[in-house]
Amino acid sequence: MAERMTLPLRVRRAAPAALVWAGALACAGGLVAARSWSVLPWRRCADSLLLALVAAALAAPLCLRRRWAWANGLAMVWLAALACFAGPLPLLAAALTGAAAIAAGTLLLPRALPAAPALALPIGLVLIAGTLGWLLPYPVHGRGVYVALLGGVCLVRARALGATVTAAWRDAQAAIRAEPRLAAAAIMLLGLASTGAWLPTMQADDLAYHLALPSELQRDGAYLADPAVQIWAFAPWLGDVVQAVAQVLAGGEARGAVDALWVASAAASLGALAAALGAGARGGWLVVAVFASLPPLAALAAGMQTELPATALLAAFALAVVLRDARLGAARAALAGGLVALKFGQAVAALVVLAWSVAAGRGKLDARRLPPALAVFALLAGSSYFRAWQATGNPMLPLFNDVFRASVLPPQQLDDPRWHAGFGPALPWSITFDTQRYLEAWNGGFGFALVALAGAWVLALVRAPTRGLTVAATMVALLPLVPMQYARYAFPGLVLLLPPLLAAADAALGPRRAAQLALALCALNLAFQANANWLLHVNAVRRLVADAGDASGVLGRYAPERMLAAEVRRRDPGDSIVLAVGGEAPPLAELGRRALGVSHYAPALKARGDAADADASGTCWCALIAATRARWLVLEPERIGDALRAGLGRCGAERALGVGGAELWSVGAADAGAR
């Protein structure tokens, strides 16, 4: 009888572990069924292994002779590599920006808050960028102003800054001493992900749009948005403003250093979130390790897309909710405002986490704290929406123009027909093993956490300590995929799922088995890291390292228009117009207001270009070029038609330079910049 009574208890104990292992087995079966080894980027895997060995070899003297912890030695090596390839001045600029952010962020945090070091940085970045967003049209942006502003914040808040940095160092060292091996593994994976930050900016959206705001502030001291030239000119700009602060300070592109700052912020918040869920140092390092191994992270570190800062802000927001401190109302409002100021789509994430926050507080709202929280939210989130509404009548331009009908765009909603593979229960499986249908990537490029941790997800929903966060994170990941199945939009939600899923796995398997599962997932993710993005896939990092950090080689091969833009600045430092013709997207955003493009980003110019293509004589193209007062033309010879070729001849345009598949043509005298 006693034996019959113990059987159900054994089953109940074994069932959670079996459920977790079922996810891992499903992942293994998917790898076989999809023949994933056939798309494994073997050469890039070897490069990652080589970089890891080199990093370990360089860290060894610090660790063996000076008795540093391996995590500290590896962190120093990867930081030095970032300074070498991204540049020392950008790194110093990002450091000053981060220090001022920590100093400012403590203003919204109560004293002696255990997680203050993880929360202060993202909150402060939102405070700085959210405030500067209102000042973009005014010519007040310059290195001297920014040094005085950020340095002044650091001086005024020196005591809080020092205490927060000291606490962060103390907490990090305690976590390293508690789990030295896992800490070293997590830092190694973060370092490998940071190699994306070594690369110069070369992704299409960055070249066509994101670089404009930082470049204009650096060159002109103000950002004068013109939606007739760039339909995304008023799109939420908090991420680009943070980039601009560092770029103005550094006197040149600082994207890689800023991306590394966002990665560090996200990792710190995730570690603190795991600790707040009771996972301890071991669970925190495992969460950071899996996060660092996710293939999209390295891809996001190589560009300016909003999902990277959104991940950092979302993790901090979740941490502020889990802490259940009523004094964090303003901090939560700031983080919610930051999400909305990054991208209108992130409003969904902000609303989900806010709803979870209310539910976690058992539905109680302090009416006295609500007005100041709303004021903080509006101040930090509202600048781009207000400017867009003021200039065009559509606060969310270019989105929802079928509702607001701004005259600069057709009255229709933007859409991308490539990403409508269908929303359904099999979506996590399809994104994992058929990634190319959901992202500009290769299969496996989104990582394998969605399937490998599926069993842990079920347990996390059942367990009371993780249920709320699991529901919220699941909604944050899935809701953006309902209208359009574009996997990158789900990345912040996927990252937010890691703490509760790994906590559930730990509870089911025990510390040792859970760590083995997590590290095996890290190894699998790392093997497919290069499949997340074309820049990683073509081994641009290898070319950059082979050229000893000289970016001209990779730029000339993969983004030749940037070389042409640099040549324009050298030959003609004035304000003459540079017109991109014959391509789908004008890759000249770094030229700021000097750049025009005949593309869908400028509908009126695009319509004139389409009409000019119908005129074989080239007269219409010549008239279009004259109407824009273009002094320089950037084009791809293989993509222009006979009408444009004829127009170039009629205008007297001459080829000035060719780099890769792009060419620079001059219209008129050779040195218009002297005029």
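Computed from a predicted structure; not experimentally measured.

Asks: Please clarify how the nonpolar core should be interpreted in this entry.
Replies: The tendency in soluble globular proteins is for nonpolar side chains to be buried side by side. One finds Leu109, Ile123, Trp198, Phe291, Trp356 and Leu453 to be the most contacted residues of the largest nonpolar core, which totals 196 residues. Looking at this core, the element that brings in the most residues is helix 15 (residues 307-322), giving 13 residues. When neighbours within four sequence positions are excluded, leucine 109 is seen to be in contact with Ala116, Leu119, Ala120, Ile123, Leu328 and Ala331. Core analysis: the second largest hydrophobic core is formed by 23 residues, Leu579, Ala612, Cys622 and Leu635 among them.

Asks: What should I look at first to understand the packing of helix 17 (residues 346-360) against helix 24 (residues 464-478) in this one?
Replies: Two packed helices can be described by the angle between their axes and the distance between those axes. The contact between helix 17 and helix 24 brings their axes to 9 Å, and the two run at 165 degrees. Relative to helix 24, helix 17 is oriented roughly antiparallel. In this structure, helix 17 crosses over helix 24, and the sense of that crossing is right-handed. Listed contacts from helix 24 to Ala349, Val352, Val353 and Trp356 of helix 17 are Gly468, Leu469, Ala472, Met475 and Val476. Residues that form the contact of helix 17 with helix 24 fall into these classes: eight nonpolar, one polar and no charged.

Asks: Which parts of the structure should I look at to understand the sheet that holds strand 3 (residues 630-635)?
Replies: The strands that make up a sheet pair up through hydrogen bonds in the backbone, lying either parallel or antiparallel. Taken in spatial order, the five strands line up as 2-1-3-5-4 in an open sheet, and their pairing is mixed. Each edge of the open sheet is held by one strand with a lone partner, namely strand 2 (595-597) and strand 4 (654-659). For this sheet, the mean inter-axis angle between neighbouring strands, taken without regard to orientation, is 25 degrees. Inspection of the sheet shows strand 1 (residues 577-581) paired to strand 2 by three bridges, in the parallel sense. By the bridge assignment, leucine 579 is partnered in strand 2 with leucine 596.

Asks: Sorry, what's going on with the packing of aromatic side chains here?
Replies: By convention here, two paired aromatic rings are described through the distance between centres and the angle between planes. What the rule picks out here adds up to 14 aromatic pairs. When the centroid spacing of 6.4 Å and the interplanar angle of 65 degrees are considered together, the rings of phenylalanine 344 and tyrosine 385 count as edge-to-face. Here the residue phenylalanine 344 occupies a position in the loop between helix 16 (329-342) and helix 17, and tyrosine 385 occupies one in helix 19 (residues 383-392), the gap between them amounting to 41 residues. For phenylalanine 344, a relative accessible area of 30% translates into the label partly exposed. Members of the aromatic cluster, each reached through a chain of ring pairs, are Trp429, Phe433, Phe448 and Phe528. Here the guanidinium or amino end of arginine 631 rests over the ring plane of tryptophan 632, the centre of that ring lying 4.1 Å away.

Asks: Looking at this model, I keep getting lost on helix 2 (residues 42-64). Mind explaining?
Replies: Given a rise of 1.5 Å per residue, 23 residues ought to cover 33 Å, and the 32 Å separating the end C-alpha atoms of helix 2 matches this to within 8%. At leucine 58, helix 2 shows its maximal bend, which comes to roughly 30 degrees, and the proline proline 61 appears one to four places after that position. Buried within helix 2 are the following residues: Arg44, Asp47, Ser48, Leu51, Ala52, Ala55, Ala59, Ala60, Leu62 and Cys63.

Asks: Explanation requested: the pairing of strand 1 in the structure shown.
Replies: Consecutive residues of a regular strand have side chains that alternate between opposite faces of the sheet. Strand 1 sits mainly inside the fold: five of its five residues count as buried. Judged by which residues are buried, strand 1 turns out to be covered on both faces: Ile577, Leu579 and Val581 on one side and Val578 and Ala580 on the other are all buried. Pairing between strand 1 and strand 3: five bridges, direction parallel. By the bridge assignment for strand 3, leucine 579 is matched with leucine 633.

Asks: Could you clarify how one ought to interpret helix 33 (residues 642-651) in this entry?
Replies: Working note: α-helix, 3.6 residues per turn, so residues spaced by three or four point in the same direction. Along helix 33, the positions that sit buried rather than exposed are Ala643, Leu644, Gly647, Leu648 and Cys651. Each buried residue of helix 33 lies within a common arc of 140 degrees when the element is viewed along its axis, so the set occupies one face. Turned more than 90 degrees away from the buried face of helix 33, the exposed residues are Asp642 and Gly649. Where helix 33 is buried, its residues meet strand 1, helix 31 (603-613), helix 32 (619-628), strand 3 and strand 5 (662-666).

Conventions used here
Residues numbered from 1 in each chain as written. Predicted model: local features only at pLDDT ≥ 70, side-chain atom pairs only at ≥ 80, totals over all residues. Heavy atoms only, no water. Core = buried A, V, L, I, M, F, W, Y, C linked by side-chain atoms within 4.5 Å. Buried < 20%, exposed > 50% of the residue type's maximum accessible area, 1.4 Å probe, protein only. Helix = DSSP H or I, 4+ residues; strand = E, 2+ residues; numbered from the N terminus. Contact = heavy atoms within 4.5 Å. Axes fitted to C-alpha atoms, helices over the stretch in contact; angles between N-to-C directions. Parallel < 35°, antiparallel > 145°, perpendicular 65-115°, else oblique. Left-handed = near helix turned anticlockwise from the far one by under 90°. Nonpolar A, V, L, I, M, F, W, Y, C, P; charged D, E, K, R; others polar. Pairing = 2+ DSSP bridges. Phe/Tyr/Trp six-rings, centres within 6.5 Å; stacked < 30°, edge-to-face > 60°. Lys NZ or Arg CZ within 6 Å of the ring centre and 35° of its normal. Expected span 1.5 Å × (residues − 1). Bend = angle between axes of the 7 residues up to and from the residue. Arc of directions from axis to C-beta.

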